Amino acid sequence: MRRATVDPMTTTGPSPRPAVPKDSLLVLGIETSCDETAASVVARDALGRGRILSNVVRSQFDMHKIYGGVVPEIAARAHGDCLDHIISAAMAEAGIAYSDLDAVAAASGPGLIGGLIVGAVSGKALALAAGKPFLAINHLEAHALTAGLTDGIKPPYLMLLVSGGHTQLLLVEGVGRYRRLGTTIDDALGEAFDKTAKLLGLPMPGGPNVETQARAGDSKRFKLPRPMLGRPEPHFSFAGLKTAVRHAAKAAAPLDPQDVADLCASFEAAVTDTVCDRVAVAMGLVSDVLPPGPQRALVVAGGVAANTALRTALQTLCAARGFVLLAPPLGLCTDNGAMIAWAGAERLALGLTDGLNAPVRPRWPLDPAASPAIGAGVKA
Ligand code: KG4
Ligand code: ZN
């Protein structure tokens, strides 16, 4: 069988660390829902504090970039090729044996079904062989709980998830309890960045390249719409904005480098205004549940949380509204195994485990009771 090289994987590297308290839960987490193959071991002590013992991530970026997006079949095969290496590396870096684990957790949705099957089946096989419980983790729940691992924050808090596949505002009420306040009715924010990059001829990864261009651009040159601005429900829409960029680019063609920079800056400004407006509405909706004080937090996660203009604007908004802005370090904002292991540890601490017949779920809303956003397509 052909084996993929594991060279491009990143790890936190061995580092001297204090002994893990004896009463800690040790959980192996596996992430394969999109184009990152990742595994991690996390410890959760009796006080609910987390520590990452290993965190190994292998990005498939180079395999997909010539196609301009993630190809599900290639992604699933690449996960299958290297997941066992990634898991072995995570266990070795943590310096523990499978018998030391308290559970094995695997992302079981939402995501690309081929990759989810690879991760979940591997997790179940390891759990069965080691005689440990299995945890089927909702990938969105893992993003939502990561700030508990990195910043020690406990729910309730407000959460903005902005990635290539998701754009949601959530009230995190507790482990397993989420109120979806807002969602996108069309494209995810990262998708809008990526499509904008593509139509301006910028290479993948779109978001960071748009950001780099925007630094040299005039954000006021092109008048772009601020979709959903002022609407009472904090939903999002980015498809129209992307189309407006296309029209503006067509009108200004042929584009010179300054035109591209100005379009990127104008797009980024429109996105920032829109997101801050939507977050402000959500803050108003949860003001009674989140009393003023150091615990009143907005947590941001997902790849787009790396965008400096967006972070700066959110920081200003939070300061004005009495919120603390928490953004986990970028490597833990984007897809990784530690967030899956941590969500698993949080669930295990509550006695929540899953059977080996737990399904994988390409669609798995965090708040199934949320009513569909008006005008929403399949992604809401
Ligand atoms: O969370 P993530 O790494 O992967 C998933 O979508 O699961 O997010 C990737 C998305 C991509 O759309 C990428 O273009 C966007 O995050 N992104 C950014 C930046 N860095 C990554 N968007 C805007 N500015 C950035 N600096
Ligand atoms: Zn994700």
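Since the model is a prediction, treat every value here as computed from it, not as a measurement.

## Some remarks on helix H2 (residues 72–94)
Between the first and last C-alpha of H2 there are 30 Å, a value that for 23 residues agrees with the 33 Å anticipated at 1.5 Å per step. Remark: the principal bend of H2, roughly 50°, maps to Cys82. Positive phi appears at Gly95, one or two residues downstream of H2, with a value of about 70°.

## Structural notes on unusual backbone geometry
Glycine aside, a negative phi is what most residues show, and trans is what most peptide bonds show. Residue Gly109 is joined to Pro110 through a cis peptide bond whose omega torsion reads -15°. Considering the arrangement of structural elements, one finds Pro110 in the loop between strand E5 (103–109) and helix H3 (113–130). Here the bond from Met204 into Pro205 is cis, since omega is 0°, no more than 30 degrees from zero. Along the chain, the position of Pro205 falls in the loop between helix H5 (189–199) and helix H6 (206–215). Located in the positive-phi region is Met228, a residue other than glycine, with phi close to 75°. Relative to the assigned elements, Met228 resides in the loop between H6 and helix H7 (239–252).

## With respect to the coordination of the zinc ion (ligand 2)
Around the zinc ion (ligand 2), the donor atoms from the protein are His139 (NE2), His143 (NE2) and Asp335 (OD), and they sit 2.1 Å away. By relative accessible area, His143 is classed as buried at 3%. Given the relative accessible area of 16%, Asp335 is considered buried.

## Side note on the domain arrangement of the protein
Domain assignment breaks the protein into domain 1 (25–152 + 332–369) and domain 2 (157–329). Taking only C-alpha atoms, the centre of domain 1 and the centre of domain 2 are 27 Å apart. Residue-level contacts link 23 residues of domain 1 with 24 residues of domain 2. Applying the counting criterion to the domain 1 and domain 2 interface returns zero salt bridges.

## Remarks on the site of ligand 1
Surveying the vicinity of ligand 1 reveals 16 residues, the closest of which are Gly164, Asp194, Gly207, Glu211 and Gly303. Residue Gly190 places a main-chain N or O atom 3.1 Å away from an oxygen atom belonging to ligand 1. Residue Asp335 places a side-chain N or O atom 3.0 Å away from an oxygen atom belonging to ligand 1. For ligand 1, whose accessible area on its own is 550 Å², the fraction buried by protein is 85%. Breaking the shell around ligand 1 down by element, the ones donating at least two residues are H5 and H6. Partitioned by chemical class, the residues of the shell around ligand 1 number four nonpolar, nine polar and three charged.

About the criteria used
- Residues numbered from 1 in each chain as written.
- Chains lettered and ligands numbered in written order.
- Predicted model: local features only at pLDDT ≥ 70, side-chain atom pairs only at ≥ 80, totals over all residues.
- Heavy atoms only, no water.
- Helix = DSSP H or I, 4+ residues; strand = E, 2+ residues; numbered from the N terminus.
- Expected span 1.5 Å × (residues − 1).
- Bend = angle between axes of the 7 residues up to and from the residue.
- Donors = N, O, S within 2.8 Å, 3.2 Å for Na, K, Ca; no water.
- Buried < 20%, exposed > 50% of the residue type's maximum accessible area, 1.4 Å probe, protein only.
- Domains from an automatic or database assignment.
- Contact = heavy atoms within 4.5 Å.
- Salt bridge = Lys/Arg side-chain N within 4 Å of Asp/Glu carboxyl O.
- Near = heavy atom within 4 Å.
- Polar contact = N/O pair within 3.5 Å; in protein donor to acceptor, adjacent residues only side chain to side chain.
- Areas by Shrake-Rupley, 256 points an atom, 1.4 Å probe, with all protein chains shown as cover.
- Nonpolar A, V, L, I, M, F, W, Y, C, P; charged D, E, K, R; others polar.

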